[in-house]
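The residues making up each chain are set out below.
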Amino acid sequence: MKSREAQEQAMVITWCEMQKNKYPELSMIYHCPNGGYRNKIEAANLKKQGVKSGVPDLFLPIPRKNKHGLFIEMKWGNNKCTQNQNKWIMRLLKLGYEVKVCYSSIEAIDVIKEYLDI
């Protein structure tokens, strides 16, 4: 069964898919599958391929408002960002990206709408 965080993230992607004809930029959003539980062999193979701990969950590679793109880290309930996630967030902010931590699909959709000014 999916975690609530994963369900909320899936709702964000579903909303983007439903809106992409009106707002084509939304077709560019994607998930960075760096989290989750994997067996040791699969985890080792993915690490060799470039998977990095702490990378935010979603990325919208559309420049807006003097930012290079929008990263969203999805959380649920009392979950907090890990130390690695905080490091990535700080680095991305310094490099000129917009980065938000969202605790629901509604919050993430509102962040996307505000970022794209839609």
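As for helix α3 (residues 83–94)
Its 12 residues place the ends of α3 17 Å apart at the C-alpha level, agreeing with the 16 Å of an ideal helix rising 1.5 Å per residue. Every buried residue of α3 is accounted for by Gln85, Ile89 and Leu92. End-on view of α3: buried residues confined to an arc of 70°, all on one side of the axis. For α3, the exposed residues lying more than 90 degrees away from the buried face are Gln83, Arg91 and Lys94. Buried residues belonging to α3 abut β3 (70–74) and β4 (98–102). Looking at the residues trailing α3, positive phi occurs at Gly96, about 100°.

Some remarks on the packing of aromatic side chains
Evaluation of the coordinates by the stated rule reveals four aromatic pairs. Summarising the aromatic geometry, the rings of Phe59 and Tyr97 are spaced 6.0 Å apart at their centres and angled 65° between planes, so their arrangement reads as edge-to-face. Placement of Phe59 in strand β2 (residues 58–60) and of Tyr97 in the loop between α3 and β4 is noted, with a sequence separation of 38 residues between them. Overall, the relative accessible area of 10% leaves Phe59 in the buried class. Here Tyr97 falls in the partly exposed class, since its relative accessible area comes to 22%. Summarising the aromatic geometry, the rings of Phe71 and Tyr97 are spaced 5.4 Å apart at their centres and angled 75° between planes, so their arrangement reads as edge-to-face. In this pair, Phe71 is assigned in strand β3 and Tyr97 in the loop between α3 and β4, connecting sequence segments 26 residues apart. On the basis of relative accessibility, which here comes to 9%, the residue Phe71 falls in the buried class. Here the aromatic residues Tyr30, Phe59, Phe71 and Tyr97 are joined through ring pairs into a cluster of three or more.

Rules behind the numbers
Residues numbered from 1 in each chain as written. Predicted model: local features only at pLDDT ≥ 70, side-chain atom pairs only at ≥ 80, totals over all residues. Heavy atoms only, no water. Helix = DSSP H or I, 4+ residues; strand = E, 2+ residues; numbered from the N terminus. Expected span 1.5 Å × (residues − 1). Buried < 20%, exposed > 50% of the residue type's maximum accessible area, 1.4 Å probe, protein only. Arc of directions from axis to C-beta. Contact = heavy atoms within 4.5 Å. Phe/Tyr/Trp six-rings, centres within 6.5 Å; stacked < 30°, edge-to-face > 60°.

Function cannot be inferred from these measures alone, as they are strictly geometric.
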